[in-house]
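Structural description and commentary
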Amino acid sequence: MKNHFFLQVFMLVAVCCLIHKSDAKHRRVKCSLQRDRVCGNNGRTYKSACVANRRRVKIDCKGRCPCGLDRRCFCTKEYNPVCGQDGKTYGNPCTARCAEVDVRCKGRCPCNPGRKCFCTKEYNPVCGVDGKTYGNPCTANCAGVKVSCNGECPCKSPTPCLCTADLRPVCGRNGVTYSNACSAKCAGVAEACEGECPCNKTTPCICTVDYTPVCGVDGKTYGNECGANCANVKIGCKGECPCTPPKLCACPLHSNPVCGADGNTYGNACGAKCADVAVKCKGACPCRSDFCKCTKHYRPVCGVDGKTYGNKCTAGCSDTKVACKGECPCNKPVKCACQKILKPVCGKDGQTYPNRCEALCRNTKEACKGGCPCEKPVTCACPKILKPVCGRDGQTYTNRCEASCSRTKIACKGKCPCKRRLRSRCACPRIHRPVCGDNGRTYANSCLATCREAQVDCNGRCPCRS
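Notes on the structure follow. Source: prediction; values computed, not measured.

Scanning the protein chain from terminus to terminus reveals eleven helices and 30 strands. Here the protein chain holds 466 residues, and 22% of them are scored as buried. Pairs at least 24 apart in sequence give 26% of the contacts found in the protein chain among residues at least 6 apart.

Structure follows, in structure tokens:
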């Protein structure tokens, strides 16, 4: 019985020794420095599965504890490559962090501090964040310095950049989609391709079959601009290849800037024409029409360019002066009811009208009374007496004689403008004998017409009968 007991104790000691030896051997296993974190069933996070096995802990899930959380990771598309501890290159530190990989060094893998950096001698200066000027972005990158701005140091303060709101998306070199090429240029980003990012996505390209040949920069002829755009080829010139050399264009040196349809400012219209660019507006870019807001009320005016605009504001936004009110043409007769009275006037357009009303109906102001052409004022001998009067043309004359010599009726005594008389100072009888004033209005009697500084044209209501 005693021998049986000693045998059991010996077996138990042997088993314990074997377990301890196996455990010590297992703990001596070396694990790599690569971090691929896992979560053990004890709720602890280990650097890798190897470390968890050394601790004799079962793996519950990959990644940090606790398991079962939504670990979606969102990063920008900024390209700032880093090399992870796993030997892989990541687009930026955020994507490496989302992959739960520590950053070994900045730049693409492999990490090699002593590696040589080769750049071209192209001079495209950039200013680094260290305040130094580098020959081009490559030399700044080789020095491990980020680019602060394009051009030589110091960086200039940003100037406001105005772009149109038209949607013609382009993809920048930084992988960001911009609404148009101007927006990308304002952000200081070079254009990678037309259309939304990414550039290499395959989308169906549908073009018409009309033949308007263009020559691409690759020396090939395309059926139209659409075909060249589908092939991601810029247009070298219009027409079949090869492109003919540009003609010499001589323009005067006077400065009269215009804004072209391509958004560039040219010294004058001739310079824009030499560049085969249509003039969008006069003056430097941007045009006022790009950021000019007007109401939608319709009060048409005719511009000096012969076009009808919705109102005076829209004509101003187009940098066009107003020739006359109403739709074009300016001398188009409008629906007007005028009296058949012969009091000829000469309009500013050089034509004679039966009366002032007929001239106004044709959107023409009165130049002088009587038939055209207007007579020059005759020499008059007037006394040098200072008794100023105001003529109906709004000018002040020395005396009545000077006004008569200018064939102008007197509006009031004294200098212009005439002071309107208060109604309370004009006492008229309450007699109803209507008269028609020369301004086309009907007054209750001749006294009231005089008080309103109107001459009686005829007795009775307007209009006067011939």
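Another aspect to go through is the sheet that holds strand S18 (residues 279–282). The strand order across the open sheet built from three strands is S17-S16-S18, with neighbouring strands paired in antiparallel fashion. Two strands bound the open sheet, and with one partner strand each, they are strand S17 (265–266) and S18. Bridge analysis of strand S16 (residues 258–260) against S18 gives three bridges, and the strand direction is antiparallel. Note that in S18 the partner of Val258 across the bridge is Lys282.

What follows deals with the side chain of Asn180. With respect to the helices, strands and loops of the structure, Asn180 is situated in the loop between strand S11 (177–178) and helix H5 (181–186). By relative accessible area, Asn180 is classed as buried at 4%. In terms of polar contacts, Asn180 uses its side chain to reach the backbone carbonyl oxygen of Thr164, at 3.2 Å. At a separation of 3.2 Å, a polar atom in the side chain of Asn180 contacts the main-chain amide nitrogen of Cys182. Not counting the four nearest positions on each side in its chain, Asn180 is found in contact with Cys163, Thr164, Asp166, Arg168 and Val170.

For Cys274, the location among the structural elements is in helix H7 (residues 269–274). For the pair Cys274 and Cys249, spaced 25 residues apart in the sequence, the C-alpha separation amounts to 5.9 Å. If we skip the residues at most four places from it in the chain, Cys274 touches Cys249 and Cys251.

Procedures and definitions
- Residues numbered from 1 in each chain as written.
- Predicted model: local features only at pLDDT ≥ 70, side-chain atom pairs only at ≥ 80, totals over all residues.
- Heavy atoms only, no water.
- Helix = DSSP H or I, 4+ residues; strand = E, 2+ residues; numbered from the N terminus.
- Buried < 20%, exposed > 50% of the residue type's maximum accessible area, 1.4 Å probe, protein only.
- Contact = heavy atoms within 4.5 Å.
- Pairing = 2+ DSSP bridges.
- Polar contact = N/O pair within 3.5 Å; in protein donor to acceptor, adjacent residues only side chain to side chain.

From the geometry alone we can't say anything about function, so treat these as descriptive.
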